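Report on the structure
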Amino acid sequence: MSRARLAGATSQREGAATERAVEAMLDRYRMQGVAFISKNSPPFTVTARGKGGRGGVSGFFTGRGGPDYSGALAPRGQAIAFEVKRSSSKRLPLYRRSDKPTLPRHQRDGLEQFARMGGVSGVLVSTKTAEGVKWWWLTVDAWDAAVDHAKRSGRASLLASALEEYSLAVPTLQGSPDFLGVAQMSCRIKTEGEVQQFGAGTRPDGMTVQVIYPDKGDAESAFQAAGCELKETRE
């Protein structure tokens, strides 16, 4: 096998492993009733199928798809959308090829518009280190700031130090990224022009969840009703 084909096969395996890790956490969220999130695929037209229903299909993509994943969050049905980006090193390249950004403009603008409409949006990033896979969450604003910093420094990738500075570290649970609490904490939720208070809580099963309560509400009561222990509150 040539070096290029070997690199391609390795990239496919790592990409599949990343998707399995995300999907495992999404299954956990669905089972616990905290979120229903599913993967989106670009629109695809099939032009030919394998004989007898066996084999692959041939066709072509007919347009750009939406964000990698989208769905709704309990208990109020707030929408969430995010892209997943992977790196096989501790840094994240800003370009897949010389002219292809890791986060294309239409993806970046879509996430920004999603956030303006009150949804939770961002970029879930996985990097590979000597200690294993690390996960990060960046809002669109954080992504823009990190990219601008890298470009001003003459770099074509986000170094580990930049990820630590501009991202929120995502904890893992059995090898999967438990990103929901971090993603929600990164979103300033507004209702009728006023920012609500919200905080992170830990359930008995170890899951990190967000609890939203009125601006003048009782935090402890809200967290008790959610069945979790108060860790931190923010405005």
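One structure accompanies this document, and this report is about it. (Residues numbered from 1 in each chain as written. Predicted model: local features only at pLDDT ≥ 70, side-chain atom pairs only at ≥ 80, totals over all residues. Heavy atoms only, no water.)

**A closer look at unusual backbone geometry**
Cis peptide bonds are those with omega within 30 degrees of zero, and the linkage from alanine 74 to proline 75 qualifies with 5°. Within the element layout of this structure, proline 75 appears in the loop between strand 4 (69-73) and strand 5 (78-86). Phi at glutamine 174 is positive, roughly 55°, even though this residue is not glycine. Mapped onto the elements of the fold, glutamine 174 is located in the loop between strand 13 (172-173) and strand 14 (176-177). (Helix = DSSP H or I, 4+ residues; strand = E, 2+ residues; numbered from the N terminus.)

**Focus: the pattern of salt bridges**
Per the counting criterion, the structure on display carries 7 salt bridges. For the salt bridge of aspartate 27 with arginine 30, the shortest nitrogen-to-oxygen distance reads 2.3 Å. Separated by 3 residues within a single helix, aspartate 27 and arginine 30 lie in helix 1 (residues 3-32), roughly one turn from each other. Residue classification places arginine 30 among the partly exposed residues on the basis of a relative accessible area of 27%. Across the salt bridge formed by arginine 152 and aspartate 148, the nearest N and O atoms sit 2.9 Å from each other. Separated by 4 residues within a single helix, arginine 152 and aspartate 148 lie in helix 3 (residues 140-152), roughly one turn from each other. Look at arginine 152 and you get exposed, because its relative accessible area is 60%. (Salt bridge = Lys/Arg side-chain N within 4 Å of Asp/Glu carboxyl O. Buried < 20%, exposed > 50% of the residue type's maximum accessible area, 1.4 Å probe, protein only.)

**Some thoughts on the pairing of strand 4**
Both faces of the sheet carry side chains from a regular strand, because those side chains alternate between them. Inspection of the sheet shows strand 1 (residues 35-39) paired to strand 4 by 5 bridges, in the antiparallel sense. Pairing of phenylalanine 36 across the sheet is with alanine 72, part of strand 4. In terms of strand pairing, strand 4 meets strand 5 through 5 bridges, oriented antiparallel. By the bridge assignment for strand 5, tyrosine 69 is matched with phenylalanine 82. (Pairing = 2+ DSSP bridges.)

Keep in mind these numbers describe shape, not what the thing actually does.
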